Amino acid sequence: HSTMGNQLTMGVDLNPSDILPGLEPKGSLGGGKGRLLKSLHCACADGDVVVKMFLKTDESDDAMLTNHRLRLDRYQKSFEQQREKHPGLPSNVCFYSIYRHGPWPEMKAAFVVRTFFRHSMQERVMTRPFLTRDSMLWMAYQLLRAVDEMHAAHVPHGDIKATNVMLTSLGWLYLTDIAPFKPSHTRPEEFSYFFDTAENRECNLAPERFVRDERELTEKSTESVTEQMDVFGAGCAIAQLFLGGDALFKMDQLLAYRDGKYNPVDRLKEKIGDDHVVELIMSLIEKNPAKRPTAQQAIQQFTPSVFPTYYREFHQNIVGPLAALTPDKRAYALPNRLDEILDYVRSGHAPGSDEEKNAVRGAVTILATVICGTVYHCHMRDNRVACLNAMIAISPHAGDDCNLHTLLPTAVSLLEKRGKNATDNDNLVRVAAIKAVAATIANVAQFPPGEATLFDDYIIPALMTLTSDKAVIVKAALAGIIPEIAFHARRVLEARQLLEARQPNITEDPKYASSQGYDASMDRLQGSFEKLVSDLVMRGEVSPWVVRAFLDDVPKLCISLGRHKTYSFIIPLLTLFLNAHDFQVRRELHRQLVGIALFVGPTKTSSLLPPCIKVGILDGTELVSHEALNSLARLTALGMLDKRSIVDLAEVVVPLTLHPSRWIRSGALDFFAAAGEQISPVDVLCFILPLLRPFLKYGTPELDRAGLEAALLPSIPRKLFDEAVRDGNPAPVLDAIQTSAPERLRHADPAADSTAVPEPSGEDLKLQLVRKYLTVISRASGPSAGLAPQRSDMSRPDEKKGDTRVVVRDMRHRGERSTLHQFDFGVDEVEVEDAEGAAGQCPNLRKIRPTPRQRKRMELKAAPPRSPVIAAFGATGSPSSSKTRGEGDQQRGKSAARGGGGLLKNARPTQNLICQAEEHTSTVTDIAVHDTLPIFLTSSMDTNIRLWDVRSLEKDSALISPTGYCDTTSQHGQASPVLSVSMLSERRAACGTAAGSFTIFCIESGVFLHGQSLADGKAGAISTLQRIGTSDTVMAGTHNGYICGVDCRMQNEAFSVKTAKDHGPISSIVVGGDCGRESWAVSATLSGKVSLWDMRYRMAIRTWNMREPVHKLALNGPDPVVLVATSEVQRWSLEQLRHVATYRPSSCEAPPQPSGNEGRYSGVVKSLPDVGSPRHTIRAVCGSRDATWFATGGTDRKIRCWDSYNASKSYVVSGLEPGQHPYRYTSSSVHDVTEVREEVVAEAPPQSKQHRAVTKQHKDCVTALALLPPVEGFCTVPIMISASRDGCVKLWQSVARAPAGN
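Predicted model, so just to flag it, every value in this text is computed and none were measured.

A. View of helix α31 (residues 681–692). If you check which residues of α31 are buried, you get Asp683, Val684, Ile688, Leu689, Pro690, Leu691 and Leu692. Structurally, α31 contributes buried residues whose contacts are with α29 (643–653), α30 (662–678) and α32 (705–711).

Written as structure tokens, this is what we have:
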């Protein structure tokens, strides 16, 4: 003993490789503070080891070391004999593997070697994630088993403490560093030499090992360490485990405890809170060694009060044998036995009782540690996947701490593409890890307040790395869990807010302090998920599998993101999938509409979802149509749709009652039955039954399903239906039906009445009833099903009446398409008469004859649609047959120029001036024409609005304004310049002024009906007004960048949208839509920004920069084509989202001197270039309805008519002065953009014809152009109206064929 103490002062260092070749030191352990033994962490061929060295001073140490070696050999032999008696019993003891020393001076040190463990129990207790009670009990049980194992082999330890208890990644415990060479008894002053290697004065030695004097030390020096001494050390280690790493005794406290002056029981009760555990610890540290139980007795005594009964089975037959296997074998064995293990744990407990749940939770905690420790070290991919699936299986039974701190970190760590093995990059492993993340989060019942930032700082960044993964299966798995993750992320924030409301003082605790409030945290969280979703389903080429996985639970995502994000992000995002190539995506989208509607509520459902439902009903795939009808029927039955939406959708659904598919007919009947329950009988009689009457064999007073099903006409045979749809164009079949009657008449008896036309068959009449529907689905079911029909904007427009799948692509992501459908679909309301001689399956089928009211409606529908993005069917005539491009050019002058009733709707303006008027005294800012009457309005900077009636020209050649209005609704009662004007229905009009007032007035009387300011007075000057379709809703663009919608019938502001600050004043707006519902709009600003808006969701989806001021926008024809006027005219196709043509006038002349009458509002109006500027700008544009031409006017005082498809046929309407050379127009193509240039023909003689007299042209900048449509009974050709900055208004004659040149 005295010799060993002398070694404490030696400072000799020795490299272990000098003694045992192959050992490479990696560092010292214990901070190099060991006095008796030096501990080193070394590497060798078999793995890392711990080397403990004793440095000899002389040859006298050899005898002592020989005795210690003999004792260690005896202990090792005893261990081996014990294990031979119990070969299947797992071991918790790690003995020294090597003990070596040699004679002095050949070997100056003796050393022992054992396996290296990364964590001791003391380190694990103080390391996150902190241990749960179940984990600590399992460790305490294993420690007592290790002590019992040593004592069964009659081997004392001598120095049991937390630093000598090691843990593996499986949670398996090993008792190490047996110390028979340390003294069994010692003096307090020598304690630190032998036992306090960490120099923290922590003491786990039994009280009886301390002696009071040298005499007592000499008497007990020959005694060995007893089992009771080891039991005391085990009790102290267990107490330290439950105290969070704090030692039970310091040196002075232990001596006081020995003398009866200190008792730790109160401290244990306060810290642990479990009387049974405290009783276990106190029994192990009993002062009287005779009263201390052995380790085996302690286990038996405190089972099941402390240790569950299944611990023995787990230790001997489950965890112990698994710990001895390799990771891959362990991963193969454990998942297959999970159910068996949990059933064993449940046995002996009442089903569903708290005892059963607690037992299962504790067992799962142990198994989770084993599984998580195994998955990291598996070499085979399938074994990793099996471990992750096992984690998912046990997660519902695990406690919150186990899910959050054990299973979740393991699953998140496996999301990354890293690891030692090539299989770490396997996609199936990451898919299983994604599912494990979702499962563990979903099974957390209550998140601790300190985990409020768990998603923002940990989970979402880990998931974000997967959005760029190339594996579709990985991205699909990620898309499937986003709604679940978002739901629980919101739950965490709401739980924290509730806790802070109940306990306001909790925010003062640094552990729970939050850096930001609830609203800021929620905004940040929702923004994170919005970015995650955008990157996943909107960036690059997205697989249909990913989209389908995302849509699977999208209503839950709506709940998580809230209503605002649902309106502004989720619903616009869903419109991208309406035209997806994969019909399963479209089908899944419509399946989720009911859940979304239940969240957003009836009001928003009626305004946002009907367009999506219409698209699905008219889908070319019957499975999609069936799902859309089911969603529609459920929404109607739940009362989520208003009367207007139900009636509009009924027009779309009614042809499907004759569909050959039983499921589609059933869905249509379900909808009508639900509609009958939701709207009043009067509305059913007025709106629904007239739609259904042509499809019924006899009338029915109510919309009950049984009655409707019995009254419906038989369905169209499948063969006939498919024949009409199969070739992508039902026209041949339907045209044959139309021509069948005249054909039969030709072969009829000449003696018969020549006016009697044979009736078509019943099937023929049914096909006529669903003609429009067949036209839609024939296009949707064609070779490009799922895509919008594409057509180059520079090609001649074919007559594609009934084209219903016009698409405006989402401008943010070129790879996706946003369908902004607005269907004007249905069978016109008709009255019927009995038809004699109807044959086929429908003996009671009646002849359809439109009423006068419906005849007028049909005539209006026969006109070309005003809105580009309308999926309308057009006139009831059959679509024109396909022709070659050359044939189309030959027929354009004949067919394109004529409309119904002998009206030449597509004639072009000529140089012939009809008349002019100069009643305005300042700049004419806008022109508004009436839809059906030959009247128009002009607004001016002179604060006046003037009404012009073209019918007055029948009596007088002078154009005189019979009525003038002055807007006096501006601030302080002073009149202000009128910048914009728009016609409304019922002889009303609206105007906007430079003072920001919006006014509605009567055209006939001039009475002002309503006045208001827009955007709560923040809008500024109203620079442009645009009526939405034929409704009484007007869209206004303002000087301060607001886009406002005003319902003129209700006289209130429907919506207000603010553009970006850097866009500047809005100069022009055009709107596309139908039936009074806006679907899209394009706005332009004086800073050169042109934005495309989805006005159903008030969202700008694409913005272009023109790099110069944009003064005017105009639509051109039925297709979604917009003309953008700057110093040139650019033609943009919204179908293709690209610039398709440029029309560039010559710019060699400077504009004339301005009249100077703009006053203080000149900066508000479309600003003109400086005098003498060499660059002219175009200020006015109007387009033809057939898209074959458009007219422009600008600062060069010229009005030009541009041919959209043949540049050489463009010409100047007004502005060529006598003596000026004519122009010619040439076209070229650069990067798929057609460029039309106007060039001066210098070699041609100057113009001197009379019709180009200066008196006929404008003398100042042309500021407005409009086209007055032909009116039956008055004029058969359109009339072009132009106005200029000097207040002059001119009318120009049109002819059916344009002039050949200038």
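B. Broad picture of the nonpolar core. Counting 187 residues, the largest nonpolar core has Phe314, Phe455, Ile485, Phe529, Phe550 and Phe577 as its most contacted members. With twelve residues, helix α20 (residues 472–502) is the single largest residue contributor to this core. Sequence-distant contacts of Phe455, defined by excluding residues within four places in its chain, comprise Ile441, Phe447, Ile460, Pro461, Ile485, His488, Ala489, Val492 and Leu525. Counting 53 residues, the second largest nonpolar core, distinct from the first, contains Ala628, Phe672, Leu689 and Phe695.

C. Geometry of the sheet that holds strand β37 (residues 1211–1214). Spatially, the four strands line up as an open sheet ordered β34-β35-β36-β37, and their pairing is antiparallel. Looking at which strands have only one partner, the edges of the open sheet turn out to be β34 (1178–1183) and β37. Taken over all neighbouring pairs, the strand axes of this sheet differ in orientation by 25 degrees on average, direction set aside. Strand direction decides the pairing type here: strand β36 (residues 1199–1203) and β37, joined by three bridges, are antiparallel. Paired with Cys1201 across the bridge in β37 is Tyr1211.

D. Spotlight on the packing of aromatic side chains. Summed over the entire model, instances satisfying the criterion amount to 19 aromatic pairs. Both rings, one in Trp138 and one in Tyr311, keep their centres 5.2 Å apart while their planes meet at 75 degrees; by these two values the pair is edge-to-face. Separated by 173 residues along the polypeptide, Trp138 in helix α4 (residues 133–152) and Tyr311 in helix α12 (residues 311–323) bring together distant segments of the chain. As far as the burial class goes, Trp138 and Tyr311 line up, both buried. You can call Tyr311 buried: its relative accessible area is 1%. Members of the aromatic cluster, connected to one another through ring pairs, are Trp138, Tyr141, Phe307, Tyr310, Tyr311 and Phe314. Sitting above the plane of the Tyr1042 ring, Lys1058 keeps its charged end 5.5 Å from the centroid. One cation-aromatic arrangement involves Arg1098 over Phe1055; the distance from NZ or CZ to the ring centre is 4.0 Å.

E. Representation of the packing of α29 against α30. At a closest axis distance of 11 Å, the pairing of α29 and α30 adopts a crossing angle of 155 degrees. The angle between α29 and α30 falls in the class roughly antiparallel. Handedness of the crossing formed by α29 with α30: left-handed. Every residue of α30 that contacts α29 at Ile646, Leu649, Ala650 and Val653 is listed here: Ala668, Phe671, Phe672, Ala675 and Gln678. Class assignment of the residues belonging to the contact of α29 with α30 gives a composition of eight nonpolar, one polar and no charged.

F. Structural view of helix α17 (residues 400–413). Look at α17: 19 Å from first C-alpha to last across 14 residues, which is about the 20 Å you get at 1.5 Å a residue. Largest kink in α17: about 35 degrees, centred on Leu407, with the proline Pro409 one to four residues after it. All of the buried residues in α17 are Cys402, Asn403, Leu404, Leu407, Leu408, Thr410, Ala411, Val412 and Ser413. Buried-residue contacts for α17 involve α15 (354–375), α16 (381–394), α18 (427–442) and α19 (454–464).

G. Molecular detail of the sheet that holds strand β20 (residues 997–1002). Read from one edge to the other, the open sheet built from four strands follows the order β18-β19-β20-β21, with strand pairing classed as antiparallel. In this open sheet, the two strands that pair with only one neighbour each are β18 (978–983) and β21 (1008–1013). Taking the axes of each pair of neighbouring strands and ignoring which way they run, one obtains an average angle of 20 degrees across the sheet.

H. Inspection of the environment of Thr923 at higher detail. Within the element layout of this structure, Thr923 appears in the loop between β13 (908–917) and β14 (924–929). Residue Thr923 is classed as buried on the basis of its relative accessible area of 6%. Through-space distance from the C-alpha of Thr923 to that of Thr1263 is 7.6 Å; in sequence the pair is 340 residues apart. At 3.2 Å, the side chain of Thr923 and the backbone oxygen of Arg1285 are in polar contact.

I. Quick peek at the pairing of strand β28 (residues 1089–1094). Burial analysis of β28 places six of its six residues in the buried class, which makes it a mostly covered element. With burial as the criterion, each face of β28 is covered, one bearing Lys1089, Ser1091 and Trp1093 and the other bearing Val1090, Leu1092 and Asp1094. Here β28 hands over to strand β29 (residues 1099–1105) after four residues, with Arg1098 in that stretch at a positive phi of 55 degrees.

About the thresholds
- Residues numbered from 1 in each chain as written.
- Predicted model: local features only at pLDDT ≥ 70, side-chain atom pairs only at ≥ 80, totals over all residues.
- Heavy atoms only, no water.
- Buried < 20%, exposed > 50% of the residue type's maximum accessible area, 1.4 Å probe, protein only.
- Helix = DSSP H or I, 4+ residues; strand = E, 2+ residues; numbered from the N terminus.
- Contact = heavy atoms within 4.5 Å.
- Core = buried A, V, L, I, M, F, W, Y, C linked by side-chain atoms within 4.5 Å.
- Pairing = 2+ DSSP bridges.
- Axes fitted to C-alpha atoms, helices over the stretch in contact; angles between N-to-C directions.
- Phe/Tyr/Trp six-rings, centres within 6.5 Å; stacked < 30°, edge-to-face > 60°.
- Lys NZ or Arg CZ within 6 Å of the ring centre and 35° of its normal.
- Parallel < 35°, antiparallel > 145°, perpendicular 65-115°, else oblique.
- Left-handed = near helix turned anticlockwise from the far one by under 90°.
- Nonpolar A, V, L, I, M, F, W, Y, C, P; charged D, E, K, R; others polar.
- Expected span 1.5 Å × (residues − 1).
- Bend = angle between axes of the 7 residues up to and from the residue.
- Polar contact = N/O pair within 3.5 Å; in protein donor to acceptor, adjacent residues only side chain to side chain.

The values reported here are purely geometric and, on their own, carry no functional implication.
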